[in-house]
Amino acid sequence: MADTGADQLDDTIVSEPLDLVRLSLNERVFVKLKGDREIRGRLHAYDSHCNLVLSDVEETVYIMDDEDEDLKTIQKQSEMLFVRGDAVVLISPPTQS
């Protein structure tokens, strides 16, 4: 029996929250983490626990200086990074132009 268009799943349908993450594979994403940290990088893999593997990562850490009450930022670059899912607060897909 031949496949009909109704039998095939559309790769762009979002019916569950992690479907949105699936659509962001191999795209640059923004990830907010616990502890005042943010990362941007290319998403290579994820799982149901929101563990992530990213490449070309730019990490920003925000630190409040108690003496000066100034907000300081530390920038880090990583070629490849594994992020444990329990640290993930949000994953933002790439913006559509």
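Higher on the page you've got the structure.
The structure reproduced in this document is the subject of the present report. (Residues numbered from 1 in each chain as written. Predicted model: local features only at pLDDT ≥ 70, side-chain atom pairs only at ≥ 80, totals over all residues. Heavy atoms only, no water.)

**Considering the sheet that holds strand 5 (residues 88-92)**
Working step 1: If you trace the 5 strands from one edge of the open sheet to the other, you get 4-3-2-1-5, paired in antiparallel fashion. Each edge of the sheet is formed by a strand with only one pairing partner; in this case those strands are strand 4 (70-83) and strand 5. Going from strand to strand, the sheet's axes swing by 25 degrees on average, the running direction of each strand aside.
Working step 2: Bridge count for strand 1 (residues 28-33) against strand 2 (residues 37-46) is 6 bridges, and the pairing is antiparallel. Directly across from lysine 32, in strand 2, lies its bridge partner glutamate 38. (Pairing = 2+ DSSP bridges. Helix = DSSP H or I, 4+ residues; strand = E, 2+ residues; numbered from the N terminus. Axes fitted to C-alpha atoms, helices over the stretch in contact; angles between N-to-C directions.)

**Looking at the side chain of glutamate 59**
Working step 1: By secondary structure assignment, the location of glutamate 59 is in strand 3 (residues 52-65).
Working step 2: Separated by 2.8 Å, the side chains of glutamate 59 and arginine 37 make a polar contact.
Working step 3: If we ignore the near neighbours within four places in the chain, the residues touching glutamate 59 are Arg37, Glu38, Ile39, Ile74, Gln75 and Lys76. (Polar contact = N/O pair within 3.5 Å; in protein donor to acceptor, adjacent residues only side chain to side chain. Contact = heavy atoms within 4.5 Å.)

**Describing the pairing of strand 3**
Working step 1: Here 8 bridges tie strand 2 to strand 3, and the two strands are oriented antiparallel to one another. When the sheet's bridge partners are listed, leucine 43 is paired in strand 3 with leucine 54.
Working step 2: Hairpin remark: strand 2 followed by strand 3, antiparallel, with 5 residues in the connecting loop; positive phi at cysteine 50, about 70 degrees.
Working step 3: Between strand 3 and strand 4, which pair antiparallel in sequence order, lie 4 residues; one of them, glutamate 69, sits at a positive phi of approximately 55 degrees.

**Digging into the side chain of serine 24**
Working step 1: Mapped onto the elements, serine 24 comes out in the loop between helix 1 (17-22) and strand 1.
Working step 2: Overall, the relative accessible area of 2% leaves serine 24 in the buried class.
Working step 3: Excluding residues that lie within four positions of it along the chain, serine 24 makes contacts with Val29, Leu43, Pro93 and Pro94. (Buried < 20%, exposed > 50% of the residue type's maximum accessible area, 1.4 Å probe, protein only.)

Worth remembering: the numbers are spatial, not functional.
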